[in-house]
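Residue-level listing of the chains:
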Amino acid sequence: MREYDFHSIEPKWQDLWEAEKAYRTEDASDKPKLYCLDYFPYPSGDGLHVGHCRNYIPTDVISRYYRMKGFNVLHPMGWDAFGLPAENEAIRLKKSPREITRRNTANFKRQLKLLGTSYDWEREINSSDPEYYRWTQWFFLLLYKRGLAYEKESEQWWCPHCKTVLANEQAKDGKCWRCGTAVEKKQLKQWFFKITDYADRLADDLDTVDWPERIKIMQRNWIGKSVGAEVVFEIVSASDSSRHPVTVFTTRLDTIMGATFLVLAPEHPLVQEIVSDGQRADVETYIANAKTKTEIDRMSTEKEKTGVFTGAYAINPFSGEKVPVWIADYVLMGYGTGAIMAVPAHDSRDFVFAKKYGLPIRQVITWPGVTYEESVWNDLYSEHGSLVNSGRFDDLTTEAAFAAMIAEGQEKGVAKAETNYHMRDWLISRQRYWGAPIPMIHCPTCGTVPVPESQLPVLLPDVEGYEPSGTGESPLAGIKDWVETTCPVCGGPARRETDTMDGFACSSWYELRYTSPHDDKVPFDRAKVDYWLPVDLYVGGAEHAVMHLLYSRFWTKVMYDAGLIGFTEPFARLMNQGMLLSYDGQKMSKSRHNVITPDEVVEQYGADTLRLYELFMAPFEQEVAWSKEGISGAHRFVKRLWELGQRSIDASHGELRPARIPGFELHINKLTKKITEDVEKFKFNTAVAAFMEYFNFLSGIVRADETVLSTVEWQSGMHQLLVLLAPFAPHMTEELWQEYGGVGSIHRQPWPAWDDSKLVESEVEVAVQINGKVRGTMVVASDSNDDELEKLALRQDFVVKYTAGHIVKRVVVIKGKIVNIVVQ
């Protein structure tokens, strides 16, 4: 019997599949289609570790399964190659990012092939290829023409280590999402995409996709839609009595009669206009201190709120009351209007602030059976109810009061209904080299104008050094021959935009490019996109919930509005894999020296063992730690499967008997149903468990009677088992299939169906006891009655043996389980 030599078997089939282009995808077919896509991976210098395989292996199983089900499957792979990591590595190694990217992508591709994945490599794309980023630039121009790309000077998050600005989403917990350095603020001229124009649709359309609920919640929270009102207060300057209107946004206009102070953000431009001479020093000290804090710190609910009085007062437009104006760092200039009305009786944050600084607290909402206690906060105080201490609005419900105040406010020009959002426009500029150049030109005569489409791509030039300047400019700014150009409008001297695009721009449309990756006339072929899109199954981690996934949805809606595509959501179904921790229970990292690579696992155990273990270790969405015992156990299972396959193949060469095997038909139908349903539900761990259970059933039959290997039923069942196992362990099953003399690749065989009528257990195994001790078993018809079971038991050879010379006193039958024969 041949041993399981995965070192020779797996490379053999990988090379043959590649040579035969076994997984090339047709662009047109009468078959149903499945577009299965992995997140666009960034090819790091470290290569893949086994944690990455937790989505690449399951999507390969899915793709192989649906091909066998008769689907036309698109399962492509490419590289999100632009970005800071490649540039930082280039600086460290003093090599070109292009060279590093080529090396890294080649390594990633080698590792993915090592796993036995079935990608259509003819569709491979790379975001740093000019033939790709040409169209990323084309999409920038599309957004610009539609009024969705604009440039403005603003204070932005700045990473002093990476020396570039970050979008709000990338300043996680006050730190750079890439390197973990504490971020700071910097005033720069930046490009933005107007994603806020699509806020409502981005929130509402989440109801149309099959995504994990937690991802939908994260996106809705990030969009942060708030329905309320804008109200205009008038601030009277403490220095010269001049009057300054200031707008506040509130979701609780009904509580405005309880507004006892106004709060401005420290950065608000009115602060310097209204502050009194006596308060100026304190105000300026406070402003300077606020600049050292991140927005995350300032918005934290756990940190004590601080503020300082400006000396000025504002006039409440509904009551005419003068209320003090404070500044406090928990109010942010970048959110809302940078000003809030404070109602401490009905807002917990305002309540704490008012208690700390001795500001008035006035109840204006009442609730049946509730007594307001000013000494301590109660969450009930923020609930809706009826108005009190609100003059003409007394006794109205909060909803009725809101409507009445809006009507009055609109008539007087001091209030209007408004919807506000937490989400800010997408900051797209990056002051780094390794990215797609922004295709804009700055002309002293014509202003900022787009590069003509005929001149795309704006190629990224070669440079001697990739170090960021630290001044807020990209390294591209120092390349005079590249920067200096001609204005496409007037023909005069002009300068190129030197910022590059955020890498998330490249990954906002890549799913479309896979449909026609080599087209040099258009970014994608509309007919092919209409056939393949939207993506049926998108798989990756949850870490990009409010970045990549949100940005891709935004670009898709822009393309739909422009008439380029016929759908509004790019990814119909989303699945997030759980994190795979190292054997020490910690996240894998070079610094912890606990990284496990697929290379070392495949070298020791083979790719099929790695595949089965990763599928079996835990439910797909669950976090789990790597187990050395687990991978060893999976390898033992694979070897035992191989040995049983070899024995079956040897037995198939002789004459096959037609004898039936008790329970065989039931078990193979149960297995087929289980595997089919589990694959479609992403329950790979229970599918592998079902294979193990079935193997134990087969092993038990062979141990009892090895001649079953030479039956027609056994051989047919083994063929079916190999086909079911093929998506999970593609190399071993292909090898055994060919040894069996199977026609064509096992991965092109039709997926087996099960027969529901065969799932009913027509036979059962019953234990036979003599005086309470089990002496053997017998297989009987499941509908046998007690008399039949008694007669069958007494005829068994082992019963005759053990009852010889004894008198049978009685027979006790427990139907379907036990027959106990009592003798003396």
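Details of the structure are given in the entry above.
The following paragraphs examine the structure supplied in this document. Please read these numbers as outputs of a predicted model, since none were measured by experiment.

### Comments concerning the overall build of the chain
Piece 1. Helix and strand content of the chain: 26 helices and 33 strands.
Piece 2. Along the longest, intermediate and shortest principal axes, the C-alpha atoms of the chain span 120 × 75 × 50 Å.
Piece 3. For the chain, the accessible surface area stands at approximately 35,300 Å², while carbon and sulfur atoms represent 49% of it.
Piece 4. Taken as two groups, the 94 positive and 115 negative side-chain charges of the chain have centres that lie 2 Å from each other.

### Comments concerning the packing of aromatic side chains
Piece 1. The full count for this structure, using the stated rule, is 57 aromatic pairs.
Piece 2. Arranged with centres 6.4 Å apart and planes meeting at 70°, the rings of Tyr35 and Trp532 form a pair that is edge-to-face. Of this pair, Tyr35 sits in strand β1 (residues 33-38) while Trp532 sits in helix α16 (residues 526-532), and the two are 497 residues apart along the sequence.
Piece 3. For the cation-ring pair, Arg64 lies above Trp17, with the distance from its terminal atom to the ring centre recorded as 5.0 Å.
Piece 4. Above the face of the Tyr583 ring, Lys628 is positioned so that its terminal group lies 4.7 Å from the ring centre.

### Side note on the nonpolar core
Piece 1. Counting 92 residues, the largest nonpolar core has Trp626, Trp714 and Phe728 as its most contacted members.
Piece 2. Element by element, the count of residues in this core is highest for helix α22 (residues 684-704), at 11 residues.
Piece 3. The residues contacting Trp626, other than those within four sequence positions of it, are Val50, Leu580, Leu581, Ser582, Tyr583, Ile596, Val601, Leu610, Tyr613, Glu614, Met617 and Ile631.
Piece 4. Listed in part, the 88 residues of the second largest apolar core include Leu141, Tyr421, Leu456 and Leu550.

### Points about unusual backbone geometry
Trans is the common state for peptide bonds, and a negative phi is the common state for residues other than glycine.
Piece 1. Pro457 follows Leu456 through a cis peptide bond whose omega is 5°.
Piece 2. For Pro457, the location among the structural elements is in the loop between β22 (447-450) and α13 (480-483).
Piece 3. Put simply, Leu533 and Pro534 share a cis peptide bond, and its omega is 0°.
Piece 4. As for its position among the elements, Pro534 is in the loop between α16 and β26 (537-539).
Piece 5. One non-glycine residue with positive phi stands out, namely Phe682, at about 60°.

### Re the sheet that holds strand β23 (residues 484-486)
Piece 1. Overall, antiparallel pairing links the 4 strands, which are arranged β22-β21-β24-β23 in an open sheet. Only two strands of the sheet have a single partner each, and these edge strands are β22 and β23. On average, adjacent strands in this sheet sit at an angle of 40° to one another, irrespective of strand direction.
Piece 2. Relative to strand β24 (residues 493-496), β23 runs antiparallel, the two sharing 3 bridges. Following the sheet pairing, Thr485 is matched in β24 by Ala494.

### A closer look at the pattern of salt bridges
Piece 1. Going through the model one piece at a time under the given rule, you end up with 41 salt bridges.
Piece 2. The partner of Arg123 in a salt bridge is Asp120, and the shortest N-O contact between them spans 3.1 Å.
Piece 3. Measuring nitrogen to oxygen at the nearest pair gives 2.9 Å for the salt bridge that ties Asp254 to Arg252.
Piece 4. Each member of the salt-bridge network shares a partner with another, and the members are Arg2, Lys12, Glu735 and Glu739.

### Details of the pairing of strand β32 (residues 808-814)
Piece 1. Note: β32 against strand β33 (residues 818-823), 6 bridges, orientation antiparallel. Bridge assignment links Val811 to a residue of β33, and that residue is Ile821.
Piece 2. The antiparallel pairing of β32 with β33 creates a hairpin that spans 3 residues between the two strands, and Gly816 there sits at a positive phi of about 80°.

### Things to note about the side chain of His268
Piece 1. Relative to the elements of secondary structure, His268 occurs in the loop between β12 (261-264) and α8 (271-274).
Piece 2. The exposure class assigned to His268 is buried, which follows from its relative accessible area of 9%.
Piece 3. In this view, His268 contacts Val246, Met333, Thr337 and Gly338; residues no more than four positions away in its chain are not counted.

### Quick look at the pairing of strand β21 (residues 440-443)
Piece 1. Inspection of the sheet shows β21 paired to β22 by 4 bridges, in the antiparallel sense. By the bridge assignment for β22, Met440 is matched with Pro450.
Piece 2. Joining the antiparallel neighbours β21 and β22 is a turn of 3 residues.
Piece 3. Bridge count between β21 and β24: 2 bridges; the pairing is antiparallel. Note on β24: the bridge partner recorded for His442 is Arg495.

### Topic: the sheet that holds strand β19 (residues 426-427)
Piece 1. Pairing is antiparallel in the open sheet, where 4 strands are placed in the order β6-β5-β9-β19. The open sheet has two edge strands with one neighbour each: β6 (164-166) and β19.

### A word on helix α17 (residues 548-561)
Piece 1. Taking 1.5 Å per residue as the helical rise, α17 with its 14 residues ought to reach 20 Å, and the 20 Å between its terminal C-alpha atoms agrees with that figure.
Piece 2. Most of α17 is tucked away: 12 of the 14 residues are buried.
Piece 3. Turning to α17, its buried residues are His548, Leu549, Leu550, Tyr551, Ser552, Arg553, Phe554, Trp555, Thr556, Lys557, Val558 and Met559.
Piece 4. Directly after α17, the chain includes Gly563, whose backbone phi takes a positive value near 80°.

### Considering the side chain of Arg430
Piece 1. You can see Arg430 is positioned in strand β20 (residues 429-430).
Piece 2. On the basis of relative accessibility, which here comes to 8%, the residue Arg430 falls in the buried class.
Piece 3. At a separation of 3.3 Å, a polar atom in the side chain of Arg430 contacts the side chain of Asp502.

### With respect to the packing of helix α2 (residues 53-68) against helix α21 (residues 664-680)
Piece 1. At a minimum axis separation of 10 Å, α2 and α21 run at an interaxial angle of 125°. With respect to α21, the axis of α2 lies oblique. Both α2 and α21 take part in a crossing whose hand is left-handed. Of the residues in α21, those in contact with Ile62, Tyr65 and Tyr66 of α2 are Thr676, Val679 and Glu680.
Piece 2. Tallied by class, residues from the contact of α2 with α21 come to 4 nonpolar, 1 polar and 1 charged.

Rules behind the numbers
- Each chain carries its own residue numbering, running from 1 in the direction its sequence is written.
- Under the rules for a predicted model, residues below a pLDDT of 70 receive no local features and side-chain atom pairs below 80 are neither given nor counted, while totals for whole chains, interfaces and linings still include all residues.
- For the side-chain quantities, the full set of heavy atoms in the structure was used; hydrogens and water were omitted.
- Segments assigned H or I by DSSP are reported as helices when at least four residues long, segments assigned E as strands when at least two residues long, and all are numbered from the N terminus.
- Per-residue accessibility takes into account occlusion by the displayed protein chains alone, with areas from the Shrake-Rupley method and a 1.4 Å probe.
- The charge count includes Lys and Arg as positive and Asp and Glu as negative, but it does not include His or the ends of the chains.
- A charge is said to be at NZ when it belongs to Lys, at CZ for Arg, at CG for Asp and at CD for Glu.
- Two rings belonging to Phe, Tyr or Trp (six-membered ring only in the last case) form a pair when the distance between their centres is within 6.5 Å. Interplanar angles under 30 degrees mark stacking, angles over 60 mark edge-to-face geometry, and anything in between is tilted.
- Over a ring means this: the NZ of a Lys or the CZ of an Arg is within 6 Å of the ring centre and within 35 degrees of the ring normal.
- Residues enter a nonpolar core if they are buried and are Ala, Val, Leu, Ile, Met, Phe, Trp, Tyr or Cys, with the set joined through side-chain atoms within 4.5 Å.
- For the exposure calls, accessible area comes from a 1.4 Å probe over protein chains only, and a residue counts as buried if that area is under 20% of its type's maximum, exposed if over 50%, partly exposed in between.
- Contact between two residues is taken to exist if any of their heavy atoms lie within 4.5 Å; hydrogens are not considered.
- Pairing between two strands is assigned when DSSP locates at least 2 bridges connecting them.
- Comment: axis = line fitted to C-alpha atoms, over the contacting stretch for helices; angle = value between 0 and 180 degrees taken between N-to-C directions.
- One speaks of a salt bridge when a side-chain nitrogen belonging to Lys or Arg is within 4 Å of a carboxyl oxygen belonging to Asp or Glu.
- Take the residue count of a helix, subtract one, and multiply by 1.5 Å to get its expected span.
- Pairs of N or O atoms are called polar contacts if they sit within 3.5 Å, as long as, within protein, a hydrogen donor faces a hydrogen acceptor (for residues adjacent in sequence, only side-chain-to-side-chain pairs).
- By definition in this entry, angles of less than 35 degrees are roughly parallel, angles greater than 145 are roughly antiparallel, angles of 65 to 115 are roughly perpendicular, and the rest are oblique.
- Crossings are assigned a handedness: left-handed for a near helix turned anticlockwise from the far helix by less than a right angle, right-handed for a clockwise turn.
- Throughout this entry, Asp, Glu, Lys and Arg are counted as charged residues, while Ala, Val, Leu, Ile, Met, Phe, Trp, Tyr, Cys and Pro are counted as nonpolar. The remaining residues, Gly among them, count as polar.

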